[in-house]
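A look at the structure
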Amino acid sequence: MKLFIINGPNLDMLGIREPEIYGKESYADLEHYLHRAAGELGLQIEVFQSNHEGALIDEVHRAYFEGADGIIINAGGYTHTSIALMDALLSVSLPVIEVHLSDPSRREEFRHRSYVAMAAKASVVGLGFAGYRRAMELLKALAAGGADNKA
């Protein structure tokens, strides 16, 4: 099973940006964690990060054309603003799990709306790096026909 993990703006600043919210581990630490978790679960992953909306959309399209089985996405701030990214996720008809390191519902009100969630099977929030592993498990279960839509 091949999954695309797409990370949006400012995720490259992990460990620097607001460590009291996002933790002290770096983006390199996250990538290492993702590859280890995928290996433990028997999954192949492609990991991508960009601060540019169009690049994220291009990566969603690439996931489709390269035969991915699902997408895990942490769209960062585009979660709350990008109808274009939502449309891209809807257009590829792949199962999508939304991930956030923090819980946006416990933060500023402008973070409470998620356009990405409108295209996702589930959202995993507030679990830090472990949220990505949970998303991998959910997509694996969906492929096996046994997952519900609860994170």
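See the structure above.
Read on for an overview of the structure. What you are looking at is a predicted structure, and each value in this text was computed from that prediction instead of being measured. (Residues numbered from 1 in each chain as written. Predicted model: local features only at pLDDT ≥ 70, side-chain atom pairs only at ≥ 80, totals over all residues. Heavy atoms only, no water.)

This paragraph deals with the overall build of the protein. Secondary structure summary: the protein contains five helices and five strands in total. Taken over the C-alpha trace, the protein has a radius of gyration of 14 Å; the compact-globule value for 151 residues is 15 Å, and the two agree within 12%. Expressed as lengths along the three principal axes of its C-alpha atoms, the size of the protein is roughly 35 × 35 × 30 Å. Every one of the 151 residues in the protein was classed for burial, and the buried ones make up 45%. Counted over contacts in the protein with a minimum sequence separation of 6, partners at least 24 positions apart contribute 74%. With the model as given, the accessible surface of the protein reaches about 7300 Å², and the carbon-plus-sulfur share is 50%. Of the side-chain charges in the protein, 14 are positive and 20 negative, and the distance between the mean point of each set is 5 Å. (Helix = DSSP H or I, 4+ residues; strand = E, 2+ residues; numbered from the N terminus. Rg over C-alpha atoms; globule rule 2.2 N^0.38 Å. Buried < 20%, exposed > 50% of the residue type's maximum accessible area, 1.4 Å probe, protein only. Contact = heavy atoms within 4.5 Å. Areas by Shrake-Rupley, 256 points an atom, 1.4 Å probe, with all protein chains shown as cover. Lys, Arg positive; Asp, Glu negative; His and termini not counted. Charge placed at Lys NZ, Arg CZ, Asp CG, Glu CD.)

So, on to helix α2 (residues 27-41). Working note: α-helix, 3.6 residues per turn, so residues spaced by three or four point in the same direction. The terminal C-alpha atoms of α2 lie 21 Å apart, and with 15 residues this matches the ideal 21 Å at 1.5 Å per residue to within 8%. Among all positions in α2, only Y27, L30, Y33, L34, A37, A38 and L41 are buried. All buried residues of α2 project into a common sector of 130° when viewed along the axis, lining one side. Exposed and facing more than 90 degrees away from the buried side of α2 are H32, G39 and E40. N-cap assignment for α2: the residue whose side-chain oxygen lies 3.3 Å from the backbone N of A28 is S26. Where α2 ends, the next residue or the one after it, G42, has phi of about 70°, a positive value. (Expected span 1.5 Å × (residues − 1). Arc of directions from axis to C-beta. Polar contact = N/O pair within 3.5 Å; in protein donor to acceptor, adjacent residues only side chain to side chain.)

Bringing the packing of aromatic side chains into the picture now. Two measures describe an aromatic ring pair: the distance that separates the ring centres and the angle between the ring planes. One pass over the full model with this rule turns up two aromatic pairs. Taken together, a centroid distance of 5.9 Å and an interplanar angle of 50° make the contact between Y33 and F129 tilted. Taken together, the residues Y33 in helix α2 and F129 in the loop between β5 (122-125) and α5 (130-144) connect sequence positions 96 residues apart. The exposure classification of Y33 matches that of F129, with both residues buried. (Phe/Tyr/Trp six-rings, centres within 6.5 Å; stacked < 30°, edge-to-face > 60°.)

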